[in-house]
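Chain by chain, the residues run as shown.
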Amino acid sequence: MSKTINWGILGTGLIAQDFAQGLNILPDAKLLGIASRSSEKADNFAQKYQVSRSYDSYQALAQDPDIDVVYVATPNYRHKADCLMCLEANKAILCEKPFMLNAKETREVITLAQQKKLFCMEAMWMRFMPLIQKVKSIIEAGTIGEICLLTADFGYRANPDPQQRFYNLDLGGGALLDRTIYPLSLAFYLLGEPQDVVSQGVFSETKIDEQNALILRYPKGQLAVLSATLKAQTSNEVVITGSLGKIRIHSPFYRPLKLSITQLPQPSTSGDSSSSLKQKIKSALKQNSLLRKLALYADLYDLPLKRKNTFQIKQIFSGNGYNYEAQEVINCLQTNQLESTIMPLNETLKIMEIMDSIRHQWHLIYPQEQ
Ligand SMILES: NC(=O)c1ccc[n+]([C@@H]2O[C@H](COP(=O)([O-])OP(=O)(O)OC[C@H]3O[C@@H](n4cnc5c(N)ncnc54)[C@H](OP(=O)(O)O)[C@@H]3O)[C@@H](O)[C@H]2O)c1
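Residues numbered from 1 in each chain as written. Predicted model: local features only at pLDDT ≥ 70, side-chain atom pairs only at ≥ 80, totals over all residues. Heavy atoms only, no water.

## Re the overall build of the chain
What the chain contains, in helices and strands, is twelve helices and 14 strands. Taking all 370 residues of the chain together, the buried fraction comes to 51%. At a minimum sequence separation of 6, the contacts of the chain that also span at least 24 residues come to 68%. When the accessible surface of the chain is summed, it comes to about 17,600 Å², and 51% of that surface belongs to carbon and sulfur atoms. (Helix = DSSP H or I, 4+ residues; strand = E, 2+ residues; numbered from the N terminus. Buried < 20%, exposed > 50% of the residue type's maximum accessible area, 1.4 Å probe, protein only. Contact = heavy atoms within 4.5 Å. Areas by Shrake-Rupley, 256 points an atom, 1.4 Å probe, with all protein chains shown as cover.)

## Points about the pattern of salt bridges
For the coordinates displayed, the defined rule picks out 15 salt bridges. For Asp66, the salt bridge is made with Arg53, and the minimal N-O distance between the two is 2.9 Å. Of this pair, Asp66 sits in the loop between helix H3 (58-62) and strand E4 (69-72) while Arg53 is found in strand E3 (residues 53-55), placing the two residues 13 residues apart along the sequence. One salt bridge connects Lys350 with Glu193, and the closest N-O pair in it is separated by 3.3 Å. Separated by 157 residues along the polypeptide, Lys350 in helix H12 (residues 345-362) and Glu193 in the loop between helix H7 (175-191) and strand E8 (196-203) bring together distant segments of the chain. (Salt bridge = Lys/Arg side-chain N within 4 Å of Asp/Glu carboxyl O.)

## Some remarks on the sheet that holds strand E2 (residues 29-35)
Strand order in this open sheet of six strands is E3-E2-E1-E4-E5-E6, and the pairing throughout is parallel. If you trace the sheet from one side to the other, it starts and ends with E3 and strand E6 (120-123), each paired once. Geometrically, the sheet is characterised by an average inter-axis angle of 25 degrees between neighbouring strands, direction not taken into account. By the bridge criterion, four bridges tie E4 to strand E5 (residues 92-96) in an arrangement that is parallel. Paired with Val70 across the bridge in E5 is Ile93. Packing against the sheet, helix H4 (residues 79-88) makes contact with strand E1 (5-10), E4 and E5, and its axis sits at approximately 170 degrees to E5. (Pairing = 2+ DSSP bridges. Axes fitted to C-alpha atoms, helices over the stretch in contact; angles between N-to-C directions.)

## A look at the sheet that holds strand E11 (residues 238-242)
Taken in spatial order, the eight strands line up as E8-E9-E10-E7-E11-E12-E13-E14 in an open sheet, and their pairing is mixed. Bordering the open sheet on either side are E8 and strand E14 (309-314), each of which pairs with just one other strand. Strand-to-strand twist across the sheet, computed as the mean angle between neighbouring axes with direction ignored, equals 10 degrees. With five bridges connecting them, strand E12 (residues 245-249) and strand E13 (residues 258-263) associate as antiparallel partners. Note on E13: the bridge partner recorded for Ile247 is Ile261. The sheet strands contacting H7 are strand E7 (147-155), strand E9 (209-217), strand E10 (223-229), E11 and E12, and the helix crosses E9 at an angle near 15 degrees.

## A closer look at the environment of Lys231
Mapped onto the elements, Lys231 comes out in the loop between E10 and E11. Its relative accessible area of 40% is what places Lys231 among the partly exposed residues. In the structure, Lys231 is positioned 21 residues away from Glu210 in sequence and 6.9 Å away in space, judged by C-alpha atoms.

## Describing the packing of aromatic side chains
The full count for this structure, using the stated rule, is 13 aromatic pairs. Measuring from centroid to centroid gives 3.8 Å for Phe19 and Tyr71, while their planes differ by 20 degrees, and the two rings are stacked. Of this pair, Phe19 sits in helix H1 (residues 14-24) while Tyr71 sits in strand E4, and the two are 52 residues apart along the sequence. Three or more aromatic residues link up through ring pairs in this structure, and these residues are Trp125, Phe154, Tyr156, Tyr182, Phe253, Tyr254 and Tyr322. Above the face of the Phe166 ring, Arg165 is positioned so that its terminal group lies 4.3 Å from the ring centre. When the ring centre of Phe154 is taken as reference, the NZ or CZ atom of Arg179 above it lies at 5.7 Å. (Phe/Tyr/Trp six-rings, centres within 6.5 Å; stacked < 30°, edge-to-face > 60°. Lys NZ or Arg CZ within 6 Å of the ring centre and 35° of its normal.)

## Focus on the packing of H4 against helix H5 (residues 103-115)
Packing of H4 against H5 brings their axes to within 10 Å, and their N-to-C directions diverge by 10 degrees. Here H4 lies roughly parallel to H5, going by the angle between them. Taking contact as the criterion, the partners of Lys80, Cys83, Leu84, Leu87 and Glu88 in H4 are, on H5, Glu105, Glu108, Val109, Leu112 and Ala113. Taken together, the residues that form the contact of H4 with H5 break down as six nonpolar, no polar and four charged. (Parallel < 35°, antiparallel > 145°, perpendicular 65-115°, else oblique. Nonpolar A, V, L, I, M, F, W, Y, C, P; charged D, E, K, R; others polar.)

## Description of a nonpolar patch on the surface
A surface patch of nonpolar side chains, about 350 Å² in accessible area, is lined by Leu149, Val198, Ile215, Leu223 and Val225. Residue position: Leu149 is located in strand E7. Classification of Leu149 as partly exposed rests on a relative accessible area of 31%. (Patch = residues over 30% accessible without salt bridge, like charges linked within 9 Å, V, L, I, M, F, W, Y side chains within 5 Å.)

## Section: unusual backbone geometry
With an omega of -15 degrees, the peptide bond between Lys97 and Pro98 qualifies as cis. Mapped onto the fold, Pro98 is located in the loop between E5 and H5. In this structure, the amide linkage connecting Ser251 to the following residue, Pro252, adopts the cis form with an omega of -5 degrees. Relative to the elements of secondary structure, Pro252 occurs in the loop between E12 and E13.

## Remarks on the site of the ligand
Looking at the ligand, there are 25 residues lining it, with Thr12, Ser36, Lys41, Tyr58 and Asn76 nearest. In the complex, 85% of the free accessible area of the ligand, which totals 890 Å², lies under the protein chains. Among the residues forming the shell around the ligand, the class breakdown is eleven nonpolar, seven polar and seven charged. Each of domain 1 (5-125 + 321-349) and domain 2 (130-264 + 308-316) accounts for three or more of the residues forming the shell around the ligand. (Near = heavy atom within 4 Å. Domains from an automatic or database assignment.)

The analysis is restricted to geometry; functional conclusions fall outside its scope.
Written out as structure tokens, the structure is:
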């Protein structure tokens, strides 16, 4: 029988509640403790999600010897302090994204986790969703050929109240750490480490980056074009285009339910009758403008594309999706692995380094860095 993993959560906000529900469906997980800065909030949370131990300080939860792993669900600016405190208390950690505010903090936390031989992972739940895993395997199987281009956007309207975390620079607000990190992490997962990044950021009155766009260039000449905004709802889709086809991850791409895969026909080398017929129709279309307009209207002009082969993969995921990252942590703890192969620490660090370099382009410094 596999060991039940006892969880504790720091913070009682929105994501902590989602995560508690995600844990609830996992047979090997027990949510044993909840910690808040307020005993009332901790007690309410404990009652709502059937948690047997509630704490009015994060420190007290970290000291509970029965807790195996702590999920850090506090605002970005305090991830470092909260994670270091848990590691010092010999707890494994799953820390919400962005793992830290910057690469320096990330190195500090990873170093302590490695010194203490404790499990540590960024809670980039998107990577563990079944259809994201499917996209990875489709690409690795060569179904769409060599990847040329990845485009992704991530945008929802965020609460502009400067007391809330999105528009508050002191809390580590802004689109880069909150939104862009998702397409950036996905591009990293599918294409590897970029060689170069150029970007533009647009700032709010509260000095957070309200929206941004990035172009990443990879060693083999691939490009990723990513954008994110706190101001509006975008299509929230990803399209990965390769030499033999493309994959569309339908909205919401970070928690997908549907993929469309299009395979383009291979260029014919045999000069068979169907390809010569195609040539004849094409040249007729070229010569006759009326025919061409009709064909365009009917979306027939690009004959090879008309013969493309599109199929869809739909998959309902279990729970609310947060259970998949939690299950990964449980698997790693049960098999004594100190990090996940799906969200390894060196990738978390490299992604933080890329975000540092983007902020450098914008001259954006968080108050904690001054
Ligand atoms: N993976 C995802 O899908 C996802 C989605 C949303 C957010 N996140 C990440 O999760 C973290 C929390 O986001 P959230 O949306 O849950 O935020 P939230 O609703 O504002 O909750 C944050 C919690 O942190 C605690 N906290 C500690 N110090 C605080 C401070 N100075 N100000 C405000 N709250 C403070 C509070 O709990 P107590 O008062 O009980 O101590 C609060 O409820 C962020 O890092 C965010 O980027 C991830």
